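Descriptive structure summary
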Amino acid sequence: MPRAQESDVDGIASLITIDRFSPVPLYFQVATSLEDLIESGKLPAGSRLDTEVALADRLGLSRPTMRQAIAHLVDKGLVVRKRGVGTQVVHSAVRRKVELTSLNDDLRRAQRSPRTEVLAFSVAPAPEHIAVALHLEPGADVITTQRLRYAEDEPLALMHNYLPAAVAPGLTPEQLGEHGLYQVLRTHGVQLRIADQTIGARRATAAEARLLGEGRGAPLLTMQRTAYDHAGRAIEYGSHVYRADRYSFEVSLVAR
């Protein structure tokens, strides 16, 4: 793993701008600057920060202020403190805007090197709750997939998806292993236009924890989505879980 040398840390400290007249707390200004450096790749995963004491001295800050800034990054899952090693940058969390997009496409745009493992693929009559979600007649055939999505070789999301069998009759596990579901649907002439989506949270089951590399009962973000095409047909129902320490949803709010 790459490590930041001491001279690199000196350079990084010079990139942190502190406005002592700003109402924004100093610790938050430092934490935000470091977060930007991590997200931009200037502080890649594996980089080791200098001690809080040394960073505080370089920036002219108190030690409690620097300690609070680093603690803020630890809470966000951007750095970890390791005994005998110090503070080290880990993979930055994936922040995804709540839009009708594919996780695979979002990861590629963010240059996070997505990889997909197809765990299950079948065509069978839909369970009752899936038929309801897709507005199908009871017993109608659906394509059922289970996939494990990686970002930079780290497991990130476990995804269950269901599609009416007639939507993409040529769909194969190989296609889903190479491309995102929405990209594959586009090659079949299907364009999604709108979706109903619910976001929540719960604890991981033993099976989910094992696949995602988490401890049993670890917190997970959840998402259920039914997506429709321009004609109003229900095309896909997805039920996904994401590692809460590596993933978050972003929502833009408008005042009325």
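Residues numbered from 1 in each chain as written. Predicted model: local features only at pLDDT ≥ 70, side-chain atom pairs only at ≥ 80, totals over all residues. Heavy atoms only, no water.

Brief notes about the overall build of the protein
Counting secondary structure elements, the protein contains 9 helices and 11 strands. Looking at the protein as a whole, 44% of its 256 residues are labelled buried. Contacts spanning at least 24 positions in sequence make up 60% of the contacts within the protein whose residues lie at least 6 apart. Summed over its atoms, the accessible surface of the protein is roughly 13600 Å², and 51% of this surface lies on carbon and sulfur atoms. (Helix = DSSP H or I, 4+ residues; strand = E, 2+ residues; numbered from the N terminus. Buried < 20%, exposed > 50% of the residue type's maximum accessible area, 1.4 Å probe, protein only. Contact = heavy atoms within 4.5 Å. Areas by Shrake-Rupley, 256 points an atom, 1.4 Å probe, with all protein chains shown as cover.)

Notes on the pairing of strand β9 (residues 219-229)
Here β9 lies mainly inside the structure; 9 of its 11 residues are buried. For strand β8 (residues 192-203) and β9, the ladder comprises 11 bridges, and the chain directions are antiparallel. Bridge assignment links Gly200 to a residue of β9, and that residue is Thr222. Examined bridge by bridge, β9 and strand β10 (residues 234-243) share 9 bridges and lie antiparallel to one another. (Pairing = 2+ DSSP bridges.)

Side note on the pattern of salt bridges
Here the structure, examined in full by the defined rule, presents 6 salt bridges. For Glu208, the salt bridge is made with Arg202, and the minimal N-O distance between the two is 2.7 Å. Each of Glu154, Glu214 and Arg243 takes part in a single network of salt bridges with overlapping partners. (Salt bridge = Lys/Arg side-chain N within 4 Å of Asp/Glu carboxyl O.)

Topic: the sheet that holds strand β3 (residues 86-89)
Reading across from one edge, β1-β3-β2 is the order of the 3 strands in this open sheet, with antiparallel pairing throughout. The open sheet is flanked by β1 (48-49) and β2 (79-82), the only strands paired with a single partner. Bridge analysis of β2 against β3 gives 4 bridges, and the strand direction is antiparallel. Residue Val79 lies in a different strand from β3, and its bridge partner there is Val89.

Observations concerning the side chain of Glu236
Positionally, Glu236 belongs in strand β10. One buried charged residue, Glu236, forms no salt bridge at all, with the nearest opposite charge on Arg225 at 5.4 Å. Looking at Glu236, its side chain comes within polar contact range of the side chain of Asn161, at 2.6 Å. Not counting the four nearest positions on each side in its chain, Glu236 is found in contact with Leu134, Asn161, Tyr162, Leu163, Leu181, Tyr182, Arg225, Thr226 and Ala227. (Lys, Arg positive; Asp, Glu negative; His and termini not counted. Polar contact = N/O pair within 3.5 Å; in protein donor to acceptor, adjacent residues only side chain to side chain.)

A few points about the packing of helix α2 (residues 26-40) against helix α4 (residues 63-75)
Two numbers describe how α2 lies on α4: the axes approach to 8 Å, and their chain directions differ by 45 degrees. In this view, α2 runs oblique relative to α4, as classed from their interaxial angle. Here α2 runs over α4; the crossing is right-handed. Residues Leu26, Tyr27, Phe28, Val30, Ala31, Leu34 and Glu35 of α2 pack against Thr65, Met66, Gln68, Ala69, Ile70, His72 and Leu73 of α4. Its residues assigned to classes, the contact of α2 with α4 shows 10 nonpolar, 3 polar and 1 charged. (Axes fitted to C-alpha atoms, helices over the stretch in contact; angles between N-to-C directions. Parallel < 35°, antiparallel > 145°, perpendicular 65-115°, else oblique. Left-handed = near helix turned anticlockwise from the far one by under 90°. Nonpolar A, V, L, I, M, F, W, Y, C, P; charged D, E, K, R; others polar.)

Some remarks on the sheet that holds strand β7 (residues 154-164)
Pairing between the strands of a sheet is mediated by backbone hydrogen bonds and can be parallel or antiparallel. Pairing is antiparallel across the open sheet formed by 6 strands, whose spatial order is β5-β6-β7-β10-β9-β8. Two strands lie at the open edges of the sheet, namely β5 (114-125) and β8, each paired on one side alone. If you compare each strand with its neighbour and ignore which way they point, the axes differ by 15 degrees on average. In this sheet, β10 lies alongside β7 in antiparallel orientation, the contact comprising 6 bridges.

Some thoughts on unusual backbone geometry
Its identity as a non-glycine residue notwithstanding, Glu152 has a phi of 55 degrees, on the positive side. Here Glu152 is to be found in the loop between β6 (141-151) and β7. The class of Glu152 is partly exposed, set by a relative accessible area of 28%.

What is shown is where atoms sit, not what they do.
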